[in-house]
Amino acid sequence: MRAPTADLPISFESVTVSAGAVTILDHVTLTLACGPPTVVIGPNGSGKTTLLRAAMGLVKPSAGRITWGERENVAPVRRAIVFQRPVMLRRSARGNIRYVLRSSGVARAERNSRIGELLGLVGLEHIAHRPARRLSGGEQQRLALARALARDPIVLFLDEPTASLDPAATKAIEDLVHTISERGIKVVMSTHDIAEARRLAGEIIMLHHGRIVETGAAMSFFDAPKTDEAKKFLAGELLI
């Protein structure tokens, strides 16, 4: 396990994020700490992606404050994020990882071994020289994970990483989430897939209309949800 670092815990203190007259996050208060995966759930449009972007440091609050290890404005050196539709560079799978390692300051002598390690971890070593943009959706998502891990993050944000993937590709991503978490990396992931949340989450954060309606241990949430919104969401009856 990794030792606690300056980036954790990540604390939201009454954070509001607005775009013009639209409130995307509404007075959100939460703490993301070391431990098993935190899964953010809620209907489409509930603010899940904005929450992850704000925790990464890509979105500034309109009100409230976010701290990383009790500090504000901390550069995201040991944070990484994978978006739902990652953009592949115009180079091979291997070249995509090499680019991140070089830009992260990894010594040239170490790059080849790191590339091999990361490609092996995500199961892409057999197509290392294939153009990244010709990979399947599931393969591109695994390559995006390898690129994120090339930054040696302490915390990894995943924005609906299995959306639109077939069952086999989804299982491959979920297996990687388990492996990454077991390595001591804090995973914070969004999904609207209740079954996936059950399989992966140690902790649940549920959003609706930009507000946290319920949070807590995953087992307790799924076995005995406390709020009407959570009960309706689990029953497939909650709409944005």
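As a reminder, the structure under discussion sits directly above these lines.
These figures come from a predicted structure and were not determined experimentally. (Residues numbered from 1 in each chain as written. Predicted model: local features only at pLDDT ≥ 70, side-chain atom pairs only at ≥ 80, totals over all residues. Heavy atoms only, no water.)

A. Geometry of the packing of helix α2 (residues 93–103) against helix α3 (residues 108–121). Axis separation between α2 and α3 bottoms out at 10 Å; the angle between their running directions is 125°. Taken together, the axes of α2 and α3 are oblique relative to one another. For the crossing formed where α2 meets α3, the hand is right-handed. Across the interface between the two elements, Arg94, Ile97, Arg98, Leu101 and Arg102 from α2 touch Arg111, Asn112, Arg114, Ile115, Leu118 and Leu119 from α3. Its residues assigned to classes, the contact of α2 with α3 comprises five nonpolar, one polar and five charged. (Axes fitted to C-alpha atoms, helices over the stretch in contact; angles between N-to-C directions. Helix = DSSP H or I, 4+ residues; strand = E, 2+ residues; numbered from the N terminus. Parallel < 35°, antiparallel > 145°, perpendicular 65-115°, else oblique. Left-handed = near helix turned anticlockwise from the far one by under 90°. Contact = heavy atoms within 4.5 Å. Nonpolar A, V, L, I, M, F, W, Y, C, P; charged D, E, K, R; others polar.)

B. Up close: the nonpolar core. Ile97, Leu156 and Ile204 are the most contacted members of the largest nonpolar core, which totals 49 residues. Sorting elements by how many residues they give to this core places helix α4 (residues 137–149) first, with six residues. Non-local contacts of Leu156, meaning those with residues more than four positions away in its chain, are made with Ala80, Ile81, Val82, Leu145, Ala148, Leu149, Ile180, Ile185, Lys186, Val187 and Val188. Listed in part, the 25 residues of the second largest apolar core include Trp68, Ile81, Val188 and Leu207. (Core = buried A, V, L, I, M, F, W, Y, C linked by side-chain atoms within 4.5 Å. Buried < 20%, exposed > 50% of the residue type's maximum accessible area, 1.4 Å probe, protein only.)

C. Structural detail: the pattern of salt bridges. Counting across every chain of the model gives ten salt bridges. Here Glu72 makes a salt bridge to Arg65, at a shortest N to O gap of 3.1 Å. For Asp152, the salt bridge is made with Arg78, and the minimal N-O distance between the two is 3.4 Å. Of this pair, Asp152 sits in the loop between α4 and β6 (155–159) while Arg78 sits in the loop between β4 (63–68) and β5 (79–82); the two residues are 74 residues apart in sequence, bridging distant segments of the chain. Judged by relative accessible area, Asp152 falls into the partly exposed class, the value being 36%. Residues participating in the shared-partner salt-bridge network are Glu13, Arg65 and Glu72. (Salt bridge = Lys/Arg side-chain N within 4 Å of Asp/Glu carboxyl O.)

D. Quick look at the environment of Gly95. Following the sequence through the fold, Gly95 ends up in helix α2. Take Gly95: its relative accessible area is 15%, and that puts it in the buried class. Expressed as a C-alpha distance, the spacing of Gly95 and Val177, which sit 82 residues apart in the sequence, is 23 Å.

E. Representation of the sheet that holds strand β1 (residues 10–19) in the model. What the three strands build is an open sheet, ordered β2-β1-β4; its pairing is antiparallel. Single-partner strands in this sheet number two, and they are β2 (22–32) and β4. Strand-to-strand twist across the sheet, computed as the mean angle between neighbouring axes with direction ignored, equals 25°. In terms of strand pairing, β1 meets β4 through five bridges, oriented antiparallel. Looking at β4, one finds that Glu13 is bridged to Arg65. Of the strands in this sheet, β1, β2 and β4 are in contact with helix α1 (residues 48–56), which crosses β2 at around 55°. (Pairing = 2+ DSSP bridges.)

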